[in-house]
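Descriptive analysis of the structure
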Amino acid sequence: MIELRDVSFNYNGGDECISNIDLCIEDNECVVLMGCSGNGKTTLTRLINGLAPSYYPGKLTGEITINGKLVDNMPQWKRARHIGSIFQDPKSQFFSSELRGEIAFACENYGMITDIVCARTDAAISDMKLSHLIETPIDRLSNGEKQKTAIASVYVLNPETYVFDEPSANLDDEATEHLAQIMKQLKKLLI
């Protein structure tokens, strides 16, 4: 469960971005944040996944908890084990130029043994139906394929929660439909 109690945030040098947010996201719940551009949706996702204020400095007030624990002193690596993030522009989160390496990166970063890294990577590639793209450099993938790769690179760690920031922003209708199917699949896995 993720809970925000009276949360307000403003980026350094900026006006208050969000104010007095009370939000409780229960386990197995799917929440969609909607609103005009600039209304704080991305900021809210950054607060949940810890990118703000860690990487996007600013003033945060209120309380954020994950599974009943305050996140104030929770290291970013620990929060990332609970919450997997898929950014609006997937290529902004890539570390590798090839698909298999990109998906394996998260497991390697956590120091998992090679057999587990390989097994999880292969499973993520298969489950996300990316096998036919193994030899294709990431920069040659379509936007939808990049999005699936980004999702697989999070899925490989089996987080409790997925946070998507405007996931269909750069996708055509067909890729958006595929994204909806993947999100349904992920929801079933979390139940």
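Here goes a summary of the coordinates provided. (Residues numbered from 1 in each chain as written. Predicted model: local features only at pLDDT ≥ 70, side-chain atom pairs only at ≥ 80, totals over all residues. Heavy atoms only, no water.)

**Notes on the overall build of the protein**
When helices and strands are tallied, the protein shows 7 helices and 6 strands. Mapped from its N terminus to its C terminus, the protein presents α and β elements in the order β-β-α-α-β-β-α-β-α-α-α-β-α. Computed over C-alpha atoms, the radius of gyration of the protein comes to 17 Å, within 12% of the 16 Å expected from 2.2 N^0.38 for 191 residues, which places it in the range of a compact globule. Dimensions of the protein, computed from C-alpha atoms along their principal axes, come out at roughly 45 × 40 × 35 Å. Of the contacts formed within the protein by residues at least 6 apart in sequence, a portion of 64% connects residues at least 24 apart. Surface exposure of the protein reaches about 10,800 Å², of which carbon and sulfur atoms provide 50%. (Helix = DSSP H or I, 4+ residues; strand = E, 2+ residues; numbered from the N terminus. Rg over C-alpha atoms; globule rule 2.2 N^0.38 Å. Contact = heavy atoms within 4.5 Å. Areas by Shrake-Rupley, 256 points an atom, 1.4 Å probe, with all protein chains shown as cover.)

**Overview of the pattern of salt bridges**
Enumeration over the complete set of coordinates arrives at 3 salt bridges. With its nearest N and O atoms 3.0 Å apart, the salt bridge here joins Glu 3 to Arg 5. Its relative accessible area of 21% is what places Glu 3 among the partly exposed residues. Across the pair Arg 5 and Glu 63 runs a salt bridge whose closest N-O atoms are separated by 2.8 Å. In this pair, Arg 5 sits in strand β1 (residues 2-11) while Glu 63 sits in strand β3 (residues 58-66), placing the two residues 58 residues apart along the sequence. Arg 5 gets classed as partly exposed once you look at its relative accessible area, which sits at 30%. Salt bridges here are not isolated pairs; linked through shared partners, they connect Glu 3, Arg 5 and Glu 63. (Salt bridge = Lys/Arg side-chain N within 4 Å of Asp/Glu carboxyl O. Buried < 20%, exposed > 50% of the residue type's maximum accessible area, 1.4 Å probe, protein only.)

**A short note on the environment of Tyr 11**
Mapped onto the fold, Tyr 11 is located in strand β1. On a C-alpha basis, the gap between Tyr 11 and Tyr 55 in space is 11 Å, while along the polypeptide they are 44 residues apart. Sequence-distant contacts of Tyr 11, defined by excluding residues within four places in its chain, comprise Cys 17, Thr 43, Arg 46, Tyr 56, Pro 57 and Gly 58. At 2.7 Å, the side chain of Tyr 11 and the side chain of Thr 43 are in polar contact. Only 3.0 Å separates the side chain of Tyr 11 from the side chain of Arg 46, close enough to count as a polar contact. (Polar contact = N/O pair within 3.5 Å; in protein donor to acceptor, adjacent residues only side chain to side chain.)

**Structural notes on empty space enclosed by the protein**
Remark: the empty space left among the atoms is shown by a probe the size of a water molecule rolled over them. Taken as a whole, this structure holds 1 cavity of 30 Å³ or more when the rule is applied. Taken as a whole, the largest cavity encloses approximately 30 Å³ of empty space. Considering the residues around the largest cavity, the lining is formed by Gly 144, Gln 147, Lys 148, Ile 151, Leu 171, Ala 175, His 178, Leu 179 and Ile 182. If you list the elements that add at least two residues to the lining of the largest cavity, you get α6 (143-155) and α7 (173-190). (1 Å grid on protein atoms, 1.4 Å probe; cavity = no way out; pocket = protein on both sides within 12 Å on 5 of 7 lines; lining within 4 Å. Points joined across faces, edges and corners; volume = space filled by probe spheres on them.)

**Some points on the pairing of β3**
Across 8 bridges, the pairing between β1 and β3 is antiparallel. Counted as the bridge partner of Tyr 11 is Gly 58 from β3. Sheet topology note: the β3/strand β4 (residues 69-70) ladder contains 2 bridges and is antiparallel. Looking across to β4, one finds that Thr 65 is bridged to Leu 70. The turn linking β3 back onto β4 is made up of 2 residues, and Asn 67 within it adopts a positive phi angle of 50°. (Pairing = 2+ DSSP bridges.)

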